[in-house]
Amino acid sequence: MAKHSLDKDKIKFLLLEGVHQTAVEVLQRAGYTNIEYHKGALSGDELTNAIKDAHFVGIRSRTQLTAEVLQQAEKLVGVGCFCIGTNQVDLKAAELLGVPVFNAPFSNTRSVAELVIGEIIMLMRGIPQRSASAHRGGWIKSAKGSYEVRGKTLGIIGYGHIGTQLGILAETLGMRVVFYDIEDKLPLGNASQIRSLAEMLAQSDVVSLHVPETPSTQNMFGAAELEAMKQGAFVINASRGTVVDIDALAAALSSEKIAGAAIDVFPVEPKSNDDEFQSPLRGFDNVILTPHVGGSTEEAQENIGIEVAGKLAKYSDNGSTVSAVNFPEVSLPQYHETSRLLHIHNNRPGILIKINQAFSEKGINIAAQYLQTTPDIGYVVMEVNTSQAAEALEQLKGIEGTIRTRLLY
Ligand SMILES: NC(=O)C1=CN([C@@H]2O[C@H](COP(=O)(O)OP(=O)(O)OC[C@H]3O[C@@H](n4cnc5c(N)ncnc54)[C@H](O)[C@@H]3O)[C@@H](O)[C@H]2O)C=CC1
Ligand SMILES: O=C(O)C(=O)COP(=O)(O)O
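All values derive from a computational prediction rather than experimental measurement. (Residues numbered from 1 in each chain as written. Chains lettered and ligands numbered in written order. Predicted model: local features only at pLDDT ≥ 70, side-chain atom pairs only at ≥ 80, totals over all residues.)

Novice: Looking at this structure, how should I read the site of ligand 2?
Specialist: Around ligand 2 sit Arg60, Ser61, Arg62, Cys83, Ile84, Gly85, Asn108, His292, Gly295 and Ser296, and that is every residue in its neighbourhood. In terms of residue class, the shell around ligand 2 is made up of two nonpolar, six polar and two charged. (Near = placed C-beta within 6 Å. Nonpolar A, V, L, I, M, F, W, Y, C, P; charged D, E, K, R; others polar.)

Novice: What is the right way to look at helix H5 (residues 109-125) in this model?
Specialist: Counting along an α-helix, one turn takes 3.6 residues, and residues three or four places apart therefore face a common direction. For H5, with 17 residues, the first-to-last C-alpha span of 25 Å sits near the 24 Å given by 1.5 Å per residue. Among the residues of H5, Thr109, Ser111, Val112, Ala113, Leu115, Val116, Ile117, Glu119, Ile120, Leu123 and Met124 are the ones counted as buried. Phi for Gly126, located one or two positions after H5, is positive at around 70°. (Helix = DSSP H or I, 4+ residues; strand = E, 2+ residues; numbered from the N terminus. Expected span 1.5 Å × (residues − 1). Buried ≥ 20, exposed ≤ 12 C-beta atoms within 10 Å, placed from the backbone.)

Novice: Looking at this structure, how should I read the pairing of strand E10 (residues 233-237)?
Specialist: Within a regular strand, side chains alternate between the sheet's two faces. Within E10, five of the five residues are buried, which leaves it mostly tucked inside the rest of the structure. The alternating pattern of E10 places Ala233, Val235 and Asn237 on one face and Phe234 and Ile236 on the opposite face, and all of these are buried. Where strand E9 (residues 206-209) lies against E10, four bridges are found, and the strand directions are parallel. Looking at the pairing, Leu209 lines up with Asn237 of E10. In terms of handedness, the path from E9 via helix H9 (residues 223-228) over to E10 forms a crossover that is right-handed. Here five bridges tie E10 to strand E11 (residues 258-263), and the two strands are oriented parallel to one another. Pairing of Val235 across the sheet is with Ala261, part of E11. The parallel pair E10 and E11 is bridged by helix H10 (residues 246-254), and the resulting crossover is right-handed. (Pairing = 2+ DSSP bridges. Right-handed = clockwise from strand over helix to strand, strands pointing away.)

Novice: What exactly am I supposed to notice about the UniProt feature "domain: ACT" (unreviewed entry) in the protein here?
Specialist: UniProt's entry tags residues 340-409 with the feature "domain: ACT" (unreviewed entry), counted in the numbering of this structure. Across residues 340-409 one finds 29% helix and 44% strand; the C-alpha atoms that close the span lie 6 Å apart. (UniProt positions renumbered as here; feature names shortened; annotations may be inferred.)

Novice: It is not clear to me how the site of ligand 1 should be interpreted in this structure. Could you clarify?
Specialist: Neighbouring ligand 1 are 32 residues, the closest being Gly158, Gly160, Pro212, Gly294 and Gly295. Those elements giving two or more residues to the shell around ligand 1 turn out to be H5 and helix H7 (161-172). The element contributing the most residues to the shell around ligand 1 is H7, with three residues. A class-by-class count of the residues in the shell around ligand 1 yields 12 nonpolar, 15 polar and five charged.

Novice: Which parts of the structure should I look at to understand the packing of helix H1 (residues 21-29) against helix H11 (residues 298-318)?
Specialist: Helix-helix packing is characterised by the crossing angle of the two axes and by the distance between the axes. In contact at an axis separation of 7 Å, H1 and H11 are set at 30° when each is read in the N-to-C sense. Where H1 crosses over H11, the handedness of that crossing is right-handed. Taking contact as the criterion, the partners of Gln21, Thr22, Ala23, Val26 and Leu27 in H1 are, on H11, Glu302, Gly305, Ile306, Val308, Ala309, Gly310 and Ala313. Looking at side-chain class alone, the contact of H1 with H11 contains seven nonpolar, four polar and one charged residues. (Axes fitted to C-alpha atoms, helices over the stretch in contact; angles between N-to-C directions. Left-handed = near helix turned anticlockwise from the far one by under 90°. Contact = placed C-beta atoms within 7 Å.)

Novice: When you look at the nonpolar core in this model, what are you seeing that I'm missing?
Specialist: Buried together is how nonpolar side chains tend to be arranged in soluble globular proteins. Formed by 64 residues in total, the largest nonpolar core has its most connected members in Ala23, Val57, Val79, Cys81, Phe82, Val101 and Val308. When residues of this core are assigned to their parent elements, the largest contribution, seven residues, is made by H11. Apart from residues no more than four positions distant in its own chain, Val79 is found in contact with Val57, Leu65, Val89, Ala94, Val99 and Val101. Grouped together as the second largest cluster of nonpolar side chains are 51 residues, Leu154, Ile236, Ala252 and Val287 included. (Core = buried A, V, L, I, M, F, W, Y, C linked by C-beta atoms within 7 Å.)

Novice: Help me understand the sheet that holds strand E5 (residues 101-102), please; the structure alone is not making it clear to me.
Specialist: The strands making up a sheet are joined through hydrogen bonds of the backbone, oriented either antiparallel or parallel. Reading across from one edge, E2-E1-E3-E4-E5 is the order of the five strands in this open sheet, with parallel pairing throughout. What marks the edges here is a single partner per strand, and that holds for strand E2 (35-37) and E5. Summarising the sheet, strand E4 (residues 78-81) and E5 pair through two bridges and their orientation is parallel. When the bridges of E5 are listed, Gly80 appears paired with Phe102. Sitting on the sheet, H11 is in contact with strand E3 (56-59), E4 and E5, with an inclination near 170° to E4.

Novice: Help me understand the sheet that holds strand E14 (residues 366-373), please; the structure alone is not making it clear to me.
Specialist: Across the sheet, four strands lie side by side as E14-E15-E13-E16; this open sheet has antiparallel pairing. With one partner strand each, in any of the chains shown, E14 and strand E16 (402-408) form the two edges of the open sheet. Averaged over all pairs of adjacent strands, the angle between their axes in this sheet comes to 15°, without regard to strand direction. Two strands pair when backbone bridges link them, and strand E13 (residues 338-346) and strand E15 (residues 377-385) are joined in this way by nine bridges, in the antiparallel orientation. By the bridge assignment, Asn346 is partnered in E15 with Ile377. Against the sheet, helix H12 (residues 351-361) contacts E13, E14 and E15, and its axis sits at roughly 20° relative to E15.

Novice: What's the story with the pairing of E14 in this structure? I'm lost.
Specialist: Sheet topology note: the E14/E15 ladder contains seven bridges and is antiparallel. In the strand pairing of E15, Thr373 is matched with Gly378. Counting the residues that bridge the hairpin from E14 to E15 gives three residues.

As C-alpha cells, then:
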C-alpha cells in the first residue's frame, strides 16, 4: 500500500476569502481532511499565525502574501490563487523559497466580459442615474444622453483573455472594437490594434481596462488619458484598482468630461463585507460601483474551486507543477513501483552532478529523473527504489544550494 511521506491528515490547507466549497470537496476526495476555512481575508498577525503551520494556502485577490509573510510560513509547500490575478503574491519571493504558485487563468474570464457588456449598455443609456433618481422618487423619462451601443467604438486596454472575449461579445452587438496592448496581438473578429494609446482613446466612445497589476500599469490611466478621451465618453475598470487614478477620474466626472463610469476594483478595498467601502466615487449617480465582483459568478467560482484545488492536490500528491506561474513546470506521469523525491535548489552549475554523485556513492539507483529550471531555481524530480528512499532524502538534504526537498512515497 502506497504511503504519503507525511500523512495526508497532517497536511494543512488554509483556505481564505470564502473560496468555493468545490475546493474543499476536491481536497477531501483526494484524502486531505486538515482544512482550515475562513470566509474573509486575513492580514497582519492573524495571517501570520494562521499560515505558519500551513502546507498549502488558498487565497483570492484580497490576501497579501508578501515576502515577509511567506518567510514566516516555514512549512509552506504551495500557494493557490483562486482567481486570475497573482499580483497579491510576491511571486519571486515564493519562487526563491521553493513555493510554486498556481491560479485559474481563465475560469472567470467570461464572467468579467459579460459584466462589462452589461455595463456598456447601462452606461450608454444613462441608466445608473435614472435608476438612482427613481429610487429617490424622480422620473427622468428622456432620450437625452441615451444611446444605442450599435455602431459605437469600444476601446480595450489590455487585449488578453478578458479583452479578447469582451471584443468578440461587443462585436456581436454591432460595436466597432479597437484595442491597445504593449504586445503585438492577433485581432479577433474585426478588431484592430492601435499602437498609440492616445489615438485609441480619441476614437473610443467607451474605454475598458483589462491589464494585470504590474509596475507598468500602475496609475497608467490618469488625468492625461482622461483628457485624451472624447468629450462625454465612458470609462470601465474591472482590472485592478491601482491602474486608474481614482481622484483624476472623480475630477473628470465632476467636470462632465466623462459622462459615466463603471468601477469594480479600487486602490483600497474593504477586507470583508462587514467593513465600510470608502471612495471619492461615492455619490456620483452616473457611476456604477461594484464590490470587486467581476469574476464572482456561481459558475466561475465553482470551476475555480475545482481547478485550483486540483492543482494543489496534484502538486502535493505527485509533484506536478504544470501551469504554476512562478516555477519550473514539470508534468509528471503516475508512478507505481518506485518512490518519488522532489528537490528544489538554487540554479547554479553542478547541482545535478552532485546529486547523481551522492546517489552513486550510496548505491542509490535513479529510475527516472526530470529537471526544469528558471534563471533562479532548479526543480528536480527523481524516482528511486522505495527501500532507498529515506537514504536518498538524506543525501538530497545535504546538497549545497538545496532550498527544499520532499519525499513522496
Ligand atoms: N474584477 C475582477 O473580478 C477580475 C479582474 N481580473 C483582472 O483582469 C486582469 C486581466 O485578466 P486577463 O485578461 O485574464 O489577463 P491576460 O494576461 O490574459 O491579459 C492581459 C493583457 O494586458 C496586456 N498588458 C500588460 N501590460 C500592459 C500595459 N502596460 N499596457 C497595455 N497592455 C498591457 C498584456 O499584454 C495582455 O495582453 C487580471 O490580471 C486581473 O487583475 C481578472 C478576473 C476577474
Ligand atoms: O480573478 C481575479 O483576478 C479577480 O480579480 C477576482 O478576484 P476575487 O476572486 O473575486 O477576489
